[in-house]
Amino acid sequence: MGLGGDEESSTTQVSEKPSYFRYNSPFVQVSLIGLVCFCCPGMFNALGGMGGGGQVDPTASNNANTALYTTFSIFGVLGGGIYNIFGPRLTLAAGCSTYVLYAGSFLYYNHNPDQTFVIIAGAVLGVGAGLLWAGQGAMMTSYPTTKRKGTYISLFWSIFNLGGVIGGLIPFFLNYHRTKAESVNDKTYVAFMCFMSAGAILSLTILPPSRVVRDDGTRCTNIKYSKVSTEAFEILKLFLNWKLLLIVPAAWSSNFFYSYQFNNVNGLMFNLRTRGLNSVFYWSAQMLGSIGIGFALDFSFQSRRTRGFVGIGIVALFGTAIWGGGLANQLNYSRGHPPQRLDFKTSGNDFAGPFVLYFCYGLLDSMFQSLVYWMIAALADDSEILSRYVGFYKGVQSAGAAIAWQVDAHNVPLLNQLIANWSLTTVSYPLLVVLVMFAIKDDENSSKTAENDSTQTSIIPPPANNGYNELGKST
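What you see is a predicted model, and the numbers here were worked out from it, not measured in a lab.

S.K.: Help me understand unusual backbone geometry in this model?
M.R.: In terms of backbone geometry, most residues other than glycine have negative phi values and most peptide bonds are trans. Even without a glycine there, the phi angle at Asn411 is positive, about 55°. You can see Asn411 is positioned in the loop between helix H14 (383-409) and helix H15 (414-439). What makes Asn411 exposed here is its relative accessible area of 52%.

S.K.: Would you mind going over the packing of aromatic side chains with me for this structure?
M.R.: Here the distance between the centres and the angle between the planes together describe a pair of aromatic rings. For the coordinates displayed, the defined rule picks out 29 aromatic pairs. Judged by centre distance (6.1 Å) and plane angle (15°), the rings of Phe106 and Tyr189 are stacked. Pair noted here: Phe106 is in helix H4 (residues 88-111) and Tyr189 is in helix H7 (residues 186-202), with a separation of 83 residues, a long-range link. Under the relative-accessibility criterion, Phe106 is labelled buried at 0%. Given a relative accessible area of 0%, Tyr189 falls into the buried group. Taking 6.1 Å as the distance between ring centres and 85° as the angle between the ring planes, the aromatic pair formed by Trp133 and Phe156 counts as edge-to-face. Here Trp133, found in helix H5 (residues 115-142), pairs with Phe156, found in helix H6 (residues 149-174); they are 23 residues apart in sequence, far enough to count as distant. For Trp133, a relative accessible area of 7% corresponds to the buried category. Feature note: the residues Phe257, Tyr258, Phe262, Tyr282, Trp283, Trp323, Tyr358 and Tyr361 constitute an aromatic cluster, connected by ring pairs. The ring centre of Trp133 lies 4.3 Å from the NZ or CZ of Lys394, which sits over that ring.

S.K.: Help me understand helix H3 (residues 59-86) in this model?
M.R.: Residues lying three or four places apart along an α-helix face the same way, a consequence of the helix completing one turn every 3.6 residues. Remark: the principal bend of H3, roughly 40°, maps to Leu78. In the segment just after H3, Gly87 is the residue with positive phi, at about 85°.

S.K.: What is the right way to read the pattern of salt bridges from this model?
M.R.: Close approach of charged atoms lets side chains of opposite charge pair. Scanning all chains against the criterion turns up six salt bridges. Note that Arg388 and Glu384 form a salt bridge whose closest N and O atoms lie 3.6 Å from each other. One end of the pair, Arg388, and the other, Glu384, are both in helix H14, four residues apart, so they sit about a helical turn from each other. Each member of the pair, Arg388 as well as Glu384, is classed as buried. Several salt bridges share partner residues, and in doing so they unite Glu231, Glu384 and Arg388 into one network.

Cut-offs used in this document
- Residues numbered from 1 in each chain as written.
- Predicted model: local features only at pLDDT ≥ 70, side-chain atom pairs only at ≥ 80, totals over all residues.
- Heavy atoms only, no water.
- Helix = DSSP H or I, 4+ residues; strand = E, 2+ residues; numbered from the N terminus.
- Buried < 20%, exposed > 50% of the residue type's maximum accessible area, 1.4 Å probe, protein only.
- Phe/Tyr/Trp six-rings, centres within 6.5 Å; stacked < 30°, edge-to-face > 60°.
- Lys NZ or Arg CZ within 6 Å of the ring centre and 35° of its normal.
- Bend = angle between axes of the 7 residues up to and from the residue.
- Salt bridge = Lys/Arg side-chain N within 4 Å of Asp/Glu carboxyl O.

And the structure:
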């Protein structure tokens, strides 16, 4: 990342007392990327969370999601390198624009039920999502100081999932009186497209990482740009990095359960307006889960390794209990004997149990993913390195999701899907324990050890005299 392999470029000190709300602060920049994801992936999550993309038949949505996560698995891995070459504005804006196309394809499908456009839009979105999430992950994990990474992960996750909450309210209100309807109306898709377009515009306000200065006066990176050859070599090295290989099962499982939860719990058990309401609470639960686990990972103990072990224990305990509750619920219905659709107003006590379960699924998702992000963040501090690490994580995650959506499209028994989801998440916990034991240190400078794993060959610009006031020079 710099001539001579200077790993300490990310810790260059600058003068003057920081302002928490200055534009080039981690707080403002992470909040901005949170708002971008509020508008784009947040609305996408609300759309997908209704089951079948808001359609009565989930086949088109399943096939589109397979195409999406197939291309996502490729561009998730490549996204970190692309982000390092082109910077955040071009990368994020290009990624965000593909979300608008995807929502528009379902608007088209409402009038022309041909899967072709939806599937193509899904594949294009996979490219864009890979770019967006690699950049987002680099910002979220590298901008905070070592002791506040869990807090900033929670900050991002809360803003991002507020998009799912608002996005869930859109179909709930716009389809409230359509108690017998199975597909959402045109206004729902138009509303999603408006939010996504706003996110694409907002992404242009993001600063490059070389201009962001942490609250302790250190830079997130001194690298202004990278080269294609450098990024290609560094991406290939990721597949030989034993630390990242330990994260593979967690990455694979972290989106694998979405097809089951969205289509076969929310989509099968509830009517249209109740699915919208459930999405509101599912993504609200994500906010609560990320805040809770973020607090444990940053503040529970002085030792960072101890906090890592505690975080794994908490998530494993919650995961076992929630998937156990899911098993009890799943034994009540199957594909051959689907449940009667539940309505939040008319189903009475029958609604309560499945509703609480779906809420808990959202809680577990955010806790699990926040934990994995914290593990990745503990491996390095530099934005350029972490963009590749997060890209690798998102690539593996998307490969798992692509398989999962086809598993559901091929009508695999629901009980088998649940058992597979539970097993995959459970396998990941002992491997994360090994990662904490051997790769995560208590010393705040331990990230430099991780950064030594990366060949650094980019060009370092001359250091700025005052990092806090860099915005005045150039944005």
